[in-house]
Amino acid sequence: MPLVTRVTDLIGRTPLFELAATSTGTRLLLKLEQFNPTGAAKIRMAREMVLDAERRGLLASGGHIIESTSGNTGLGLAVVAAERGYRFTAVVDHHACKDKLRAMRAMGAELVFVADDGDDNLATSAREDLAEAMAAARPDAYFTEQHNNDANAVGYYAVAEELLEDVERVDILLSSVGTGGSLFGTATRLRQLGCPPRVIGVEPVGSIAFGGEGGPYWQSGTGTPPGATIGTAVDYSLLDEGVKVSDVAAFATARAVAAELGLMIGGSAGGSVHAALTRLDEFPPGSTIVTLVCDGGEKYLDTVFDDNWMIERDLLDLTAEAEVREMLHRYAPAARRPELAEAR
């Protein structure tokens, strides 16, 4: 790693981790985006949205960035704003993990809440309405509007380039869909580079992007809740399949991966990993499957990894965790199998 002078110079070149493999040569690889600054993928698109606004003359020197965020986009924008001399206001709700809110404040962001203390409901639509109104009322402000900003997806083009530096091809790209930028931006660039993958999007049960009845859910930073508008970054023309994973299954997977392997992944990443593990044998032999792990689990110690929080919301399912741990054993790559390691 060369000597750098800005935090954003540390973005990218995140590692690939082989989580699972079948006897037919199919591999499940995790792109561990928690190794970016702020511990999340979204700093990639936060930087691109700001650079794009500067190129188009939408952000003047000393301007004011405003965004509605559940946390990770806000963390990325806080870094970029600090580096480039902007004021940043994050419009948030109490559904966001407390550590994300604390970290945004620590990096100089102003937080504006759309709900009172104690109201931990997801309020995506209210957040976006307020952020838009605040930006419209300030002549120096720019609403980055991540769900409908073309620069969002462009920020993830480098992910595709990094993947093809590390593996020969990506047959299946399977990942969670929030704004859609990470999955569809990566898929777009893979196509441009001559490697069109099968694209499988994952959203929480209760999200409406892939149809069905909407409802509440606890997976953070992903999905489209009822009442919210599906953003333009969700490119249905690239989507081969959309699947839904319950909070119970997603969180059980994140907890099992942590307990079994010592790898902390976020709750929405748990949903993607669950979707991949449960159908690993269905994919063609020799497939390379990549899941984008958009953030790590350390930010969810007070939620997904807190037994009391899980029990209060009827989300803790030890049987489901055991089932995931069994799959991790069954599909363990050869290098992690004790009996094979001893044979060597």
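Residues numbered from 1 in each chain as written. Predicted model: local features only at pLDDT ≥ 70, side-chain atom pairs only at ≥ 80, totals over all residues. Heavy atoms only, no water.

1. Some remarks on the packing of aromatic side chains
Alright, step 1. On inspection of all chains with the given rule, the structure shows 2 aromatic pairs.
Alright, step 2. Centroid distance Trp-218 to Trp-309: 5.4 Å. Interplanar angle 80 degrees. Geometry classified as edge-to-face. One end of the pair, Trp-218, is in the loop between strand 8 (198–204) and strand 9 (241–245); the other, Trp-309, is in helix 10 (residues 307–312), with 91 residues separating them in the sequence.
Alright, step 3. Given the relative accessible area of 12%, Trp-309 is considered buried.
Alright, step 4. A centroid spacing of 6.4 Å and a plane angle of 55 degrees characterise the contact between Phe-251 and Trp-309, whose relative ring orientation is tilted. Of this pair, Phe-251 sits in helix 8 (residues 247–261) while Trp-309 is found in helix 10, placing the two residues 58 residues apart along the sequence.
Alright, step 5. By relative accessible area, which is 1% here, Phe-251 ends up buried.
Alright, step 6. Aromatic rings pair up to connect Trp-218, Phe-251 and Trp-309 into one cluster.
Alright, step 7. One residue, Arg-313, lies across the ring of Trp-218, its end atom 4.9 Å from the ring centre. (Phe/Tyr/Trp six-rings, centres within 6.5 Å; stacked < 30°, edge-to-face > 60°. Helix = DSSP H or I, 4+ residues; strand = E, 2+ residues; numbered from the N terminus. Buried < 20%, exposed > 50% of the residue type's maximum accessible area, 1.4 Å probe, protein only. Lys NZ or Arg CZ within 6 Å of the ring centre and 35° of its normal.)

2. Structural notes on the sheet that holds strand 5 (residues 110–113)
Alright, step 1. On the basis of which strands lie adjacent, the open sheet formed by 4 strands has the order 5-4-3-6 and parallel pairing. Each edge of the open sheet carries a strand with a single partner, namely strand 5 and strand 6 (141–143). Within this sheet the neighbouring strands show an average axis-to-axis angle of 25 degrees, counted without direction.
Alright, step 2. Both strand 3 (residues 64–68) and strand 6 contribute to a ladder of 3 bridges, which runs parallel. Residue pairing for strand 6: Ile-66 is matched across the bridge by Phe-143. (Pairing = 2+ DSSP bridges. Axes fitted to C-alpha atoms, helices over the stretch in contact; angles between N-to-C directions.)

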